[in-house]
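# Descriptive analysis of the structure
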Amino acid sequence: MIDRDGYRPNVGIILSSEDGRVLWAKRIGQSAWQFPQGGIDQGETPEDALFRELNEELGLTREHVRILGVTSNWLRYRLPTRYVRRRRWGRVCIGQKQKWFALRLLATEDLVRFDATATPEFDGWRWVDYWHPLQEVVEFKREVYQRALQELAPLMGRANEELADPPI
């Protein structure tokens, strides 16, 4: 599903531990790291997509997390030209528009697993400092990550840091 401007609707997941660190996931077979994220299917709400993606990518269910909040607006990023692709019905996907969810893990971390689907997206993960992803995420996603982290910081117990310039 691509909107009329060429953006694919998507959800991003910032899952935090009790001590405020965030789950940082390694793309399968790559050295690239990112927050879990995924597309919103036709007829799904962003919250429906959040829980589907949470289960598909991390093996977690609704009972394992608490939603702390969601970004107020869609955050958009454009794909580099080499990643722009034409869909089978002729629409061109130029990027993604995302609703970012702040979650707190309520369950034990040993429940995180990547084999909930036949095609896992990740093969590793670790807890990192809240602002660390800005140092490692691929450049074309960096601004969206910064905007999501800054907006959700107060909900994640990072209120004193929301106006600080995070390290880039």
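Before reading on, note that the structure itself is shown above.
Definitions and limits used
Residues numbered from 1 in each chain as written. Predicted model: local features only at pLDDT ≥ 70, side-chain atom pairs only at ≥ 80, totals over all residues. Heavy atoms only, no water. Helix = DSSP H or I, 4+ residues; strand = E, 2+ residues; numbered from the N terminus. Rg over C-alpha atoms; globule rule 2.2 N^0.38 Å. Buried < 20%, exposed > 50% of the residue type's maximum accessible area, 1.4 Å probe, protein only. Salt bridge = Lys/Arg side-chain N within 4 Å of Asp/Glu carboxyl O. Phe/Tyr/Trp six-rings, centres within 6.5 Å; stacked < 30°, edge-to-face > 60°. Lys NZ or Arg CZ within 6 Å of the ring centre and 35° of its normal. Expected span 1.5 Å × (residues − 1). Contact = heavy atoms within 4.5 Å.

### Section: the overall build of the chain
Summing up its helical and strand segments, the chain has three helices and ten strands in all. Beginning at the N terminus, the succession of helices and strands in the chain can be written as β-β-β-β-α-β-β-β-β-β-β-α-α. For a compact globule of 168 residues, the expected C-alpha radius of gyration is about 15 Å, and the chain comes in at 15 Å, within 12% of that figure. Dimensions along the principal axes, computed over C-alpha positions, put the chain at roughly 45 × 35 × 30 Å. Here the chain holds 168 residues, and 48% of them are scored as buried.

### Thoughts on the pattern of salt bridges
A side chain with one charge can pair with a side chain of the opposite charge if their charged atoms come near. For the structure shown, the criterion picks out eleven salt bridges. Salt-bridge contacts for glutamate 44 lead to arginine 52; the nearest nitrogen and oxygen are separated by 2.7 Å. The partner of arginine 52 in a salt bridge is glutamate 56, with the nearest N and O atoms 3.3 Å apart. Highlighted residues: arginine 52 and glutamate 56, both in helix H1 (residues 46-58), separated by four residues, approximately one helical turn. On the basis of relative accessible area, glutamate 56 is assigned to the partly exposed category, the value being 28%. Connected via shared salt-bridge partners are Asp41, Glu44, Arg52, Glu53 and Glu56.

### Topic: the packing of aromatic side chains
Under the criterion given, the structure shown has nine aromatic pairs. An angle of 75° between the planes, with centres 5.2 Å apart, marks the rings of tryptophan 24 and phenylalanine 35 as edge-to-face. Residue tryptophan 24 is found in strand E2 (residues 22-27), and its partner phenylalanine 35 is found in the loop between strand E3 (33-34) and strand E4 (37-39); the two are separated by eleven residues along the sequence. Looking at phenylalanine 35, the relative accessible area reads 0%, which means it is buried. Here the aromatic rings of phenylalanine 35 and tryptophan 100 are separated by 5.9 Å at their centres, their planes lie at 70°, and the arrangement is edge-to-face. Of the two residues, phenylalanine 35 sits in the loop between E3 and E4 while tryptophan 100 sits in strand E9 (residues 95-105), which places them 65 residues apart along the sequence. According to the relative accessible area criterion, tryptophan 100 is buried, its value standing at 0%. Site record: aromatic cluster; members linked through ring pairs are Trp24, Phe35, Trp100 and Tyr145. Above the plane of the ring of tyrosine 7 lies arginine 76, whose end atom (NZ or CZ) is 5.6 Å from the centre. Here the basic side chain of lysine 97 rests over the ring of tryptophan 74, its NZ or CZ set 4.9 Å away from the ring centre.

### Remarks on H1
Taking 1.5 Å of rise per residue, 13 residues should cover 18 Å, and H1 covers 17 Å from first to last C-alpha, within 8% of that figure. Those residues of H1 not exposed but buried are Ala49, Leu50, Phe51, Glu53, Leu54, Glu57 and Leu58. Each element contacted by the buried residues of H1 is listed here: strand E1 (7-16), E2, E4, strand E5 (65-70), E9 and strand E10 (122-128).

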